[in-house]
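The residues making up each chain are set out below.
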Amino acid sequence: MTTLELTAGAKSVSLPGGRPLPVLTGVDLSVEPGETLAIQGASGSGKSTLLAVLGLLDSLTGGRYTVGGIDVAAISERRRARLRSTTFGFIYQRFCLISHLTAEENVEAPLLHGGVRRRERARRARDLLDQVGLTDRREHRPGQLSGGEQQRVAVARALVHRPSVVLADEPTGSLDQDTGTAVMRSLLDLAADDGVTLIVVTHDPAVAAVCGRVVRLDRGAVQGS
Amino acid sequence: MKVISLALIAWQGIRRRPLRNLLSALSLTVGVLALVLVLSGGAVVRETIVFDSRLQGGDALTANLTLTDSPQKFAVAEYWRSSLGRALAPQRGIASVTASNDGALLRKGDETVSDLVVVTTEKALLEIRPFPVLRGTWLTDEPTYAPTVVLNHRADQMVEGQTGPVTLVAGGQTFRTSVIGVVYDAEPRPVAYLDMHADGPWQAAIEDTNVYSVQFTAPAWSIGDARSRINELASISDRAADVTGVERTDRLETFDRQLDLVNRVFLAVAILSLLIGALGILNIGLSTVRERSDELSLRRSFGATRPQVVVIMLLESQFVALVSGLAGIALVAGGLPLITAHFADRFQEVSTGFPVGGALLGLAAGSVAALVGSLAPALRASRVPIAAIMR
């Protein structure tokens, strides 16, 4: 199990002309294994950037971040990529399924990158598609699935390689209330089954309410939890 | 990540836009096809031209020493054959007397072969111009009472299917003759070869109208060497008046130059086609990187490193190149027999085996073209920010 420790995390981006724009300013955050955490805040408060930093999709410009005790700034890109692929699963607001692959192939994708054998890939992908209720949609492409179904495929994909942390960016943001609730329920159940840490960026108070802890961001800084 | 996984991911990428990839493959196929055709078809054409050229003019150096027409022309020809034969012995050259007589006729059954060339020659001519013997035998240098002839393929085709006695009209006289063989000599006109040493009573009548020459091969000489040596021999034996000229008959070098030029032109077309194919891949590659930025970021989030993204993109283009190469080779494999049949004579044994070397080179050229075309898109793809997917 993996503990995430962000200390005085800062991130700024360069605007045209070279002027820096601070996105995260001195964020301290510790997430324990198995915890469910919601990150809330207004648009532009740095929620998604924080999630990207936590998932090693982006790097800090200041501060320190450790994943399971490993300082991610001190390791090579290759090792960081390995850490990302083995530790984290991602769910995006726009689903981000690969349009030319079937649902099953989309779920298999992280395993293919991990070098898992074909039979094992298929077995795990089918198990998860069964668990999210898409047994009969395995061969369908994203364009043939509804928004809720696509997000359930994304949930299966986020969990298929058995990560210790799942990072979800507005997972219900593109879904109606009922579908969003159903997707969130599947995600929480599956995460709880495997003791996975779940960090969710959300505007939805109902989603935040089902998480164990809520962190609020304002202009790149943690305002309370 | 294992190579097989990278290859599978690349294959998935190919499936994304099958038609677009097919069109890329088509443009590359044209290049591969042109290249393999130049390499294999060119070899068939060259083999054919070399084959015909050897039959018509011999190997380098082969030349014709034409002699003055005189009452002793046979004896003069014999003298020069023997004299040149001795001079050529150290380089294993051969000399053979040849006399030709245009405007003869050959009749068999209802068919008359007009405009027949009668070539009176020796058995040794076959060593200078290696005619394939299609039927029967070549000249034997043995005495015969009636003239016996060897027809070339053209004359044989003209009397094909006819039965009955064969008559030869030459030197104003008609002779009953028999055909002892048929050869392929690559000549477009009908030719009858007669044995100079047959010693029959018919011979004088035919030979009287002939112009004599001595054809010889001299592998170690240039045409200049041959002329100097013949002048020397004529001067020593006081026979300068016998010689009217020494002309080169082998034409391989000329054909080689022409073929080389044609091959260069085809090669330039092939390279141009490959370049167009590479530009097509570059164009499609650059435009798809933007379309695929989500997918590329997603793959990075699954653990792919930047170099692995480059490899995936390059492998995609290599799949296109492989398909193009195989299609090009398949087209050549199907078309080569047609080219062979069109260019090669039916009397020639042209190597019709599959051009493995050309095929491998075609595959390699397609692969390099695809690599060149996909390198810039691959590098651009590797620079797609991984966090772009969050936006």
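You'll find chain B entered in an unreviewed UniProt entry as Putative ABC transport system permease protein, with Actinoplanes xinjiangensis given as the organism. The UniProt entry for chain B carries the following text under Subcellular location (unreviewed entry): "Cell membrane". The Sequence similarities (unreviewed entry) comment attached to chain B in UniProt states, word for word, "Belongs to the ABC-4 integral membrane protein family."

The name an unreviewed UniProt entry gives chain A is Putative ABC transport system ATP-binding protein, with Actinoplanes xinjiangensis as the organism.

Residue and element names in this part refer to chain A. According to the stated counting rule, one finds 35 salt bridges over all chains in the structure shown. The salt bridge involving E120 is made with R123; its shortest N-O contact spans 3.0 Å. With E120 and R123 both in helix α4 (residues 118-131) and three residues apart, this pair spans about one turn of that helix. The class for R123 is partly exposed, based on a relative accessible area of 40%. In the salt-bridge network here, residues are joined through shared partners; they are E120, R123, R124 and D127.

Before going further, it helps to examine the nonpolar core. Residues and elements named next belong to chain A. In terms of nonpolar packing, the biggest core is built from 39 residues, with L29, L50, L54, Y65, F88 and I199 touching the most fellow members. At five residues, the largest contribution of residues to this core is made by helix α1 (residues 47-54). Apart from the residues lying within four places of it in its own chain, the contact partners of L54 are L6, L29, I39, Y65, F88, L167 and I199. Core analysis: the next-biggest nonpolar cluster, separate from the first, contains 37 residues, F95, V116, V183 and L190 among them.

All names here are of chain B. Contact geometry of helix α3 (residues 73-88) with helix α7 (residues 223-236) gives a least axis separation of 11 Å together with a crossing angle of 120 degrees. The orientation of α3 with respect to α7, classified from their angle, is oblique. The interaxial crossing formed by α3 with α7 has right-handed handedness. In this structure, α3 contributes W80, S83, L84 and A87 to the contact, and α7 contributes R229, I230, L233 and A234.

Let us look at the sheet that holds strand β4 (residues 62-67) of chain A. Residue and element names in this part refer to chain A. Pairing within the open sheet is antiparallel, and its four strands lie in the order β2-β1-β4-β5. At either end of the open sheet lies a strand with only one pairing partner, and these are β2 (20-31) and β5 (70-71). The pairing of strand β1 (residues 4-14) with β2 spans eight bridges and is classified as antiparallel. Counterpart to S14 in the pairing with β2 is P20. The strands touched by α1 are β1, β2 and β4; relative to β2, the strand with the most contacts, the crossing angle is about 60 degrees.

Moving on: the packing of aromatic side chains. The final tally for this structure, using the stated rule, is nine aromatic pairs over all chains. With a centroid separation of 5.6 Å and an interplanar angle of 80 degrees, the aromatic rings of F131 of chain B and W138 of chain B are classed as edge-to-face. Each member of the pair, F131 of chain B together with W138 of chain B, is buried. Here the aromatic cluster, defined as three or more aromatic residues joined through ring pairs, consists of F88, F90 and Y92 of chain A.

This part covers the environment of L39 of chain B. Residues and elements named next belong to chain B. With respect to the element layout, L39 can be found in helix α2 (residues 18-57). Judged by relative accessible area, L39 falls into the partly exposed class, the value being 33%. The spacing of L39 and V214 is 175 residues in sequence and 39 Å in space, taken between C-alpha atoms. Setting aside its immediate chain neighbours within four residues, L39 contacts G358 and L361.

A word on the interface of chain A and chain B. Counting residues at the interface gives 27 residues for chain A, matched by 27 residues for chain B. Of the roughly 2,500 Å² buried at the junction of chain A and chain B (both faces included), carbon and sulfur atoms supply 57%. Among the residues chain A hides against chain B, the three largest losses belong to H100, L112 and H113 of chain A. Together they make up 28% of the total. For the pair chain A and chain B, the number of links is four salt bridges. Among the salt bridges present, the one from R94 of chain A reaches D294 of chain B, with a minimum N-O distance of 2.8 Å. Here chain A is connected to chain B by seven residue pairs in polar contact (both at pLDDT 80 or more). Breaking the side of chain A that touches chain B down by element, the ones donating at least two residues are α1, α2 (77-87) and α3 (103-113) of chain A.

Turning our eyes to something else, we now look at the packing of helix α8 (residues 252-291) of chain B against helix α11 (residues 356-382) of chain B. All names here are of chain B. For the pair α8 and α11, the least separation of the axes is 8 Å and the interaxial angle reads 25 degrees. Here α8 lies roughly parallel to α11, going by the angle between them. When you trace α8 past α11, the crossing you get is right-handed. On the side of α8, the interface is formed by L274, A278, I281, L282, G285, L286 and V289, while α11 contributes A365, G366, A369, A370, G373, S374, A376, P377, R380 and A381. When its residues are assigned to classes, the contact of α8 with α11 shows 12 nonpolar, four polar and one charged.

About the thresholds
Chains are numbered independently. Their residues run from 1 in the order of the written sequence. Going through the entries in the order they are written, you letter the chains from A and number the ligands from 1. Predicted model: local features are reported for residues with pLDDT of at least 70 only, side-chain atom pairs are reported and counted for 80 or more only, and whole-chain, interface and lining totals are derived from all residues. Side-chain calculation: all heavy atoms of the structure are included, whereas hydrogens and water are not. UniProt positions are given in the numbering used here, feature names are shortened, and annotations may be inferred rather than shown by experiment. Salt bridge criterion: a side-chain nitrogen from Lys or Arg within 4 Å of a carboxyl oxygen from Asp or Glu. By definition, any uninterrupted DSSP run of H or I lasting at least four residues is a helix, any uninterrupted run of E lasting at least two residues is a strand, and each is numbered from the N terminus. Relative accessible area decides the class of each residue, using a 1.4 Å probe on protein chains only: under 20% of the type maximum gives buried, over 50% gives exposed, and in between gives partly exposed. Take the buried Ala, Val, Leu, Ile, Met, Phe, Trp, Tyr and Cys residues and link them wherever side-chain atoms come within 4.5 Å; each set so joined is a nonpolar core. Note on contacts: a residue pair is in contact if any heavy atoms of the two residues lie within 4.5 Å. To get an axis, fit a line to the C-alpha atoms, keeping to the stretch in contact for a helix; angles then go from 0 to 180 degrees between the N-to-C directions. Note on angle classes: values under 35 degrees are labelled roughly parallel, values over 145 roughly antiparallel, values of 65 to 115 roughly perpendicular, and the remainder oblique. Here a crossing is taken to be left-handed if its near helix is turned anticlockwise relative to the far helix by less than a right angle, and right-handed if that turn runs clockwise. In this analysis, strands are considered paired if DSSP registers two or more bridges between them. Any two rings among Phe, Tyr and Trp, with Trp reduced to its six-membered ring, count as a pair given centres within 6.5 Å; such a pair is stacked if its planes are under 30 degrees apart, edge-to-face if over 60, and tilted if neither. Accessible-area loss on putting two parts together, using a 1.4 Å probe and summing over both, is the definition of buried area adopted here. Pairing of N or O atoms within 3.5 Å defines a polar contact, subject to two protein rules: one partner must be a possible hydrogen donor and the other a possible acceptor, and residues neighboring in sequence count only if both atoms are side-chain atoms. Classes in brief: Ala, Val, Leu, Ile, Met, Phe, Trp, Tyr, Cys and Pro nonpolar; Asp, Glu, Lys and Arg charged; the others, Gly included, polar.

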